[in-house]
Amino acid sequence: MMMRKVLVLASVMFLSGCVTATNLPAPSQSALATTAEGKIVQVEATGTENNYTFAVTVSSPDTGCDRYADWWEVITPEGELLYRRVLLHSHVDEQPFTRTGGTVAISAQQPIIVRVHISGEGYSPIAKQGTVEAGFSEVSLPTDFATSLADVEPLPTDCAF
């Protein structure tokens, strides 16, 4: 009897337009993203104006040289590459992992994005955005944001393991 009431109520709601496939909210990029895509977990900057070093913690779906985080990069919100840290091997047994890189010539107030690239898959949409002065928070980037940077040097030449 209870099941019948639920079915009737669901039918009424559907027929009255309360529930349709078109008015359901679309899932966010963050909700769609999985750990298989990898992401930037943490960003720390040290140094002085126009001379910053970044310690970036990455979580990635490394399985070996066939699939690993092959670089992280610092870019402007407009998609200009400021710095790229090439990663020379996979981190299958070290997750998440932190690598430092720099120097990056920016002011403490300049907004930047730090994101990771996964070999054979492309850029993860889950990145960190912020400033050296205010810190960094998670942001979901459009999947086509500045993808042309994937062809810009420096690029990895080989994977050690």
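Residues numbered from 1 in each chain as written. Predicted model: local features only at pLDDT ≥ 70, side-chain atom pairs only at ≥ 80, totals over all residues. Heavy atoms only, no water.

Caption draft 1: Fine view of the pattern of salt bridges. Inspection of every chain in the model, using the stated rule, returns five salt bridges. Here Glu121 makes a salt bridge to Arg67, at a shortest N to O gap of 2.4 Å. You can see Glu121 sitting in the loop between strand S6 (112-118) and strand S7 (122-123) and its partner Arg67 sitting in the loop between strand S2 (51-59) and strand S3 (69-75), a full 54 residues away along the chain. A relative accessible area of 23% places Arg67 in the partly exposed class. The partner of Glu94 in a salt bridge is Arg99, and the shortest N-O contact between them spans 3.1 Å. By sharing partners, the salt bridges in this structure join Glu73, Arg84 and Arg115 into a single network. (Salt bridge = Lys/Arg side-chain N within 4 Å of Asp/Glu carboxyl O. Helix = DSSP H or I, 4+ residues; strand = E, 2+ residues; numbered from the N terminus. Buried < 20%, exposed > 50% of the residue type's maximum accessible area, 1.4 Å probe, protein only.)

Caption draft 2: A look at the sheet that holds strand S5 (residues 97-104). In space, the three strands of this open sheet follow the order S1-S2-S5, with antiparallel pairing throughout. On the outer flanks of this sheet lie strand S1 (39-48) and S5, each paired with one strand and no other. Geometrically, the sheet is characterised by an average inter-axis angle of 20° between neighbouring strands, direction not taken into account. (Pairing = 2+ DSSP bridges. Axes fitted to C-alpha atoms, helices over the stretch in contact; angles between N-to-C directions.)

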